[in-house]
Amino acid sequence: MATNGYTVYNQCVIENDEIFSVDLYNNKTKIGVTNKKHDEMTDICNSYYDKLVELGAIVPPKTTEELIAEQNKTIIQMLNKMNAMQEELEGLKNEHQQSKSAVNSKSTKTKPRANRTSKKLVGESGADVAKHQQQGTSLACIEK
């Protein structure tokens, strides 16, 4: 390897499952560990992780199957709520239609006709009609 025109010699040494880079002046720099040491440390970490999960200190991430099952459960709950809301809406529509028809039938029975000018009193003049209205007596009338 060349740096500024000079050749740099590096040598790598393994000591106690650690890998060191050694330069010309015998300066050591740790650059890694052996596969054996790496596997040992991974096993130790996994055993501690499993123990922490067992104690409840760590909650492991959910698997894909668990996530799908949870989403399906949520979708089913939402569909059930939507169906209940749809049934409630239909019931309210029916109640509204029934109350509307009941109001319309009552209003046609109790309300006098709006167009009074189309009726003519039989055999009475305007002065006679006013006299009967003051007395509260009824007059017979026919449609024009």
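The paragraphs below set out a description of the structure included in this document. Predicted model, so just to flag it, every value in this text is computed and none were measured.

1. Side note on the pairing of strand β4 (residues 18-22)
No. 1: Looking at chain direction, strand β3 (residues 11-15) and β4 are connected through 5 bridges and run antiparallel. Paired with Ile14 across the two strands is Ile19, which belongs to β4.
No. 2: Following β3, the chain reverses through 2 residues before pairing antiparallel with β4; Asn16 in that reversal takes a positive phi of roughly 50°.
No. 3: Relative to strand β5 (residues 28-33), β4 runs antiparallel, the two being bridged by 5 bridges. Bridge pairing in β5 links Val22 to Lys28.
No. 4: Connecting β4 to the next strand, β5, in antiparallel fashion are 5 residues, including Asn26 with a positive phi near 65°.

2. Considering helix α1 (residues 35-55)
No. 1: In this model, α1 (21 residues) spans 30 Å end to end at C-alpha, consistent with the 30 Å of a helix rising 1.5 Å per residue.
No. 2: Following α1 by one or two positions, Gly56 has its phi on the positive side, about 90°.

3. Comments concerning the side chain of Thr34
No. 1: Along the chain, the position of Thr34 falls in the loop between β5 and α1.
No. 2: A relative accessible area of 15% means that Thr34 is categorised as buried.
No. 3: Those residues in contact with Thr34, other than ones at most four positions away along the chain, are Ile14, Asp17 and Ile19.

4. A short note on the pattern of salt bridges
Two side chains of opposite charge can pair, provided their charged atoms sit close to one another.
No. 1: Using the criterion set out here, one finds 4 salt bridges in the structure.
No. 2: The salt bridge involving Lys30 is made with Glu18; its shortest N-O contact spans 3.1 Å. With Lys30 in strand β5 and Glu18 in strand β4, the pair connects residues that are 12 residues apart, well separated along the chain.
No. 3: We note a salt bridge from Glu70 to Lys62, for which the minimum N-O separation is 2.5 Å.
No. 4: The exposure class assigned to Lys62 is partly exposed, which follows from its relative accessible area of 47%.

5. A short note on the packing of aromatic side chains
The geometry of an aromatic ring pair is captured by the separation of the ring centres together with the interplanar angle, meaning the angle of the planes.
No. 1: Scanning all chains against the criterion turns up 0 aromatic pairs.
No. 2: Here Lys28 stacks its cationic end above the ring of Phe20, 5.9 Å away from the centre of that ring.

Quick notes on the rules
- Residues numbered from 1 in each chain as written.
- Predicted model: local features only at pLDDT ≥ 70, side-chain atom pairs only at ≥ 80, totals over all residues.
- Heavy atoms only, no water.
- Pairing = 2+ DSSP bridges.
- Helix = DSSP H or I, 4+ residues; strand = E, 2+ residues; numbered from the N terminus.
- Expected span 1.5 Å × (residues − 1).
- Buried < 20%, exposed > 50% of the residue type's maximum accessible area, 1.4 Å probe, protein only.
- Contact = heavy atoms within 4.5 Å.
- Salt bridge = Lys/Arg side-chain N within 4 Å of Asp/Glu carboxyl O.
- Phe/Tyr/Trp six-rings, centres within 6.5 Å; stacked < 30°, edge-to-face > 60°.
- Lys NZ or Arg CZ within 6 Å of the ring centre and 35° of its normal.

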